[in-house]
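What follows is each chain in one-letter form.
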Amino acid sequence: MRKLTSLLLLLSCSFSASAAVVWVPTDAVTRTETFNNIAGLTTEPVGSTLTIGDLKNTTGDLYKYTFTYLGQESGFNNIFRLTVNGIALLESDPVGTFKSVVSSDQFLSFNFEGNTGKFAINGGAKDQSTSIGLLEPKKVTSGAAAGTYAFILGYNDSAGAAKLGDWDDFVVGVNVTPVPEPEAYGLALAGMGVVGYFYRRRRDK
Ligand SMILES: [Ca+2]
Ligand SMILES: [Ca+2]
């Protein structure tokens, strides 16, 4: 039984790698404008705090990132762009549109673009009055993009300062899954075989 427990532990370690992509806050800031216009997504009110920051891969392993367009409320034509492959989510896309990329970069290369000359780059510069905020809860309760996400990122395109605003100007849900090496697949399959063996042995008793 102890062997079975350590095997399960080993397996759970090999499958919990998505936790290695984390949100790194650079500041805790105050919401100064009402969050609105994102169907099914309710966040904390004006006066509450959220963190602005970046998404970071802490292990250097390969991950598949999927970005889903959740909606926008902006006076500008904002864009979400995966600079690593040029793929973008646009305000004209239907809510629920998603785009993916596979990367092992420490800071995946993507940015939100505001009106002319304003960018918020993951792991890099946040121009003028823009920033990327982590929205809570990480859940959309209705509509085409309904679901739970590992992260929901809200872009603040303009509020006079990067640390003031609503973070609803372009909103994406992010999910991250590990991309195992072929030998990792083999190991996992072998592990499941052994677990199956122990399970059958116990059941047959
Ligand atoms: Ca704003
Ligand atoms: Ca807004």
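Residues numbered from 1 in each chain as written. Chains lettered and ligands numbered in written order. Predicted model: local features only at pLDDT ≥ 70, side-chain atom pairs only at ≥ 80, totals over all residues.

1. Examining the overall build of the protein
Then, in step 1: Scanning the protein from terminus to terminus reveals 2 helices and 14 strands.
Then, in step 2: Taking all 205 residues of the protein together, the buried fraction comes to 30%. (Helix = DSSP H or I, 4+ residues; strand = E, 2+ residues; numbered from the N terminus. Buried ≥ 20, exposed ≤ 12 C-beta atoms within 10 Å, placed from the backbone.)

2. Observations concerning the nonpolar core
Then, in step 1: Counting 35 residues, the largest nonpolar core has Leu70, Phe80, Val171, Val172 and Val174 as its most contacted members.
Then, in step 2: Where this core is concerned, the elements lending two or more residues are β1 (21-31), β2 (49-57), β3 (63-71), β4 (79-82), β7 (110-113), β9 (131-134), β12 (151-156) and β14 (170-178).
Then, in step 3: In this structure Val174 touches Leu55, Tyr65, Phe67, Tyr149, Ala150, Phe151 and Leu153, once residues within four positions along its chain are discounted. (Core = buried A, V, L, I, M, F, W, Y, C linked by C-beta atoms within 7 Å. Contact = placed C-beta atoms within 7 Å.)

3. Describing the confidence of the model for the protein
Then, in step 1: For the protein, the mean per-residue pLDDT works out to 85, and 77% of the residues sit at or above 70.
Then, in step 2: The model gives residues 4-18 a pLDDT under 50, and that stretch makes 17 contacts with residues more than four places away or in other chains. (pLDDT = per-residue confidence, 0-100.)

4. Quick word on the sheet that holds strand β5 (residues 87-90)
Then, in step 1: The sheet built from 4 strands is open, its strands ordered β5-β4-β7-β8 with antiparallel pairing. Where the open sheet ends on each side, the last strands, each with one partner, are β5 and β8 (119-121). Averaged over all pairs of adjacent strands, the angle between strand axes in this sheet comes to 15 degrees, irrespective of strand direction.
Then, in step 2: Note: β7 against β8, 3 bridges, orientation antiparallel. When the sheet's bridge partners are listed, Glu113 is paired in β8 with Phe119. (Pairing = 2+ DSSP bridges. Axes fitted to C-alpha atoms, helices over the stretch in contact; angles between N-to-C directions.)

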